[in-house]
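# Residue-level structure breakdown
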Amino acid sequence: MKISGVDIRPGNILEHEGGIWKVAKIQHTQPGKGGAFMQVEMKNLEDGRKTNIRYRSADTVEKVRLDTKDFQFLFADGDDYVFMDQETYDQITIAAKLLGDEAAFLQDGMQVTLELYDERPISVQLPDTIEATIVEADAVVKGQTASSSYKPAILDNGVRVMVPPHISSGTRIVVDVYAKEYVRKAD
């Protein structure tokens, strides 16, 4: 679907120079002389390159639609992760760099959503929150107030989060995957 250069918004997926790019930032500029233009910062979803492009209002660009499909995480295989399609039971292998830091939060059997372009995975959406067990938590320092004091703790997946003082080692908590923050104690 073609859209005008001034209709580009952050989060849009565009086709540019034969690649798939995600719009990170935009800035609309109207100089004193000449026509208005949109300064667009984009990141290539296949190799991670970044670029800045100027689009005039007369320019058109191809907006890409991505397919989303539910998959289940099976296991890690070296630097790759293996997922299973929930409908066809086909297995797909995805490189660790596509997941980034969120890979540490993957758990056996976890339901994830893959965004696909021409049947190729472009990104992986994990659930917003997961349950994890604290394996190591610092002792509470006496005299600290309960309102704003948090202490560092390490989860069973190796990720470090800040938790309230009443949380101790062995406690199950709910963690925000993308913010890497404590949400609440698990039920």
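What counts and what doesn't
Residues numbered from 1 in each chain as written. Predicted model: local features only at pLDDT ≥ 70, side-chain atom pairs only at ≥ 80, totals over all residues. Heavy atoms only, no water. Helix = DSSP H or I, 4+ residues; strand = E, 2+ residues; numbered from the N terminus. Buried < 20%, exposed > 50% of the residue type's maximum accessible area, 1.4 Å probe, protein only. Phe/Tyr/Trp six-rings, centres within 6.5 Å; stacked < 30°, edge-to-face > 60°. Pairing = 2+ DSSP bridges. Axes fitted to C-alpha atoms, helices over the stretch in contact; angles between N-to-C directions. Domains from an automatic or database assignment.

Take unusual backbone geometry next. One non-glycine residue, Glu-17, lies in the positive phi region at around 50 degrees. With respect to the element layout, Glu-17 can be found in the loop between β2 (13-16) and β3 (19-29). Despite not being glycine, Glu-119 has its phi angle at roughly 65 degrees, a positive value. Position of Glu-119 relative to the elements: it lies in the loop between β10 (111-117) and β11 (120-125). For Glu-119, a relative accessible area of 60% corresponds to the exposed category.

Looking now at the packing of aromatic side chains. Under the defined criterion, the tally for this structure stands at 2 aromatic pairs. Centroid distance Phe-73 to Tyr-81: 6.0 Å. Interplanar angle 55 degrees. Geometry classified as tilted. Pairwise contacts between aromatic rings join Phe-73, Tyr-81 and Phe-83 into one cluster.

Direction of pairing for strand β4 (residues 37-44) relative to strand β5 (residues 50-56): antiparallel, over a ladder of 7 bridges. Bridge pairing in β5 places Glu-41 opposite Asn-52. Counting the residues in the hairpin turn of β4 and β5 gives 5 residues, including Gly-48, whose phi is positive at 85 degrees.

Moving on, we get to the sheet that holds strand β8 (residues 80-85). Strand order in this open sheet of 5 strands is β9-β8-β7-β10-β11, and the pairing throughout is antiparallel. With partners counted over all chains shown, the strands left at the sheet margins are β9 (91-95) and β11, one partner each. Recorded for the sheet is a direction-independent mean angle of 45 degrees between the axes of neighbouring strands. In this sheet, β10 lies alongside strand β7 (residues 67-77) in antiparallel orientation, the contact comprising 6 bridges. Note on β10: the bridge partner recorded for Gln-72 is Gln-111.

Quick look at the sheet that holds β3 now. The antiparallel open sheet is built from 6 strands, whose spatial order is β1-β6-β2-β3-β4-β5. Of all the strands in the sheet, the pair left with one neighbour each is β1 (2-4) and β5. Pairs of neighbouring strands in the sheet enclose a mean axial angle of 50 degrees, with direction left out of account.

To continue, consider the domain arrangement of the protein. In many reports, interface size means the accessible area that the parts give up when they come together. Taken domain by domain, the protein consists of domain 1 (1-61), domain 2 (65-123) and domain 3 (128-183). Computed over C-alpha atoms only, the centres of domain 1 and domain 3 are separated by 40 Å.

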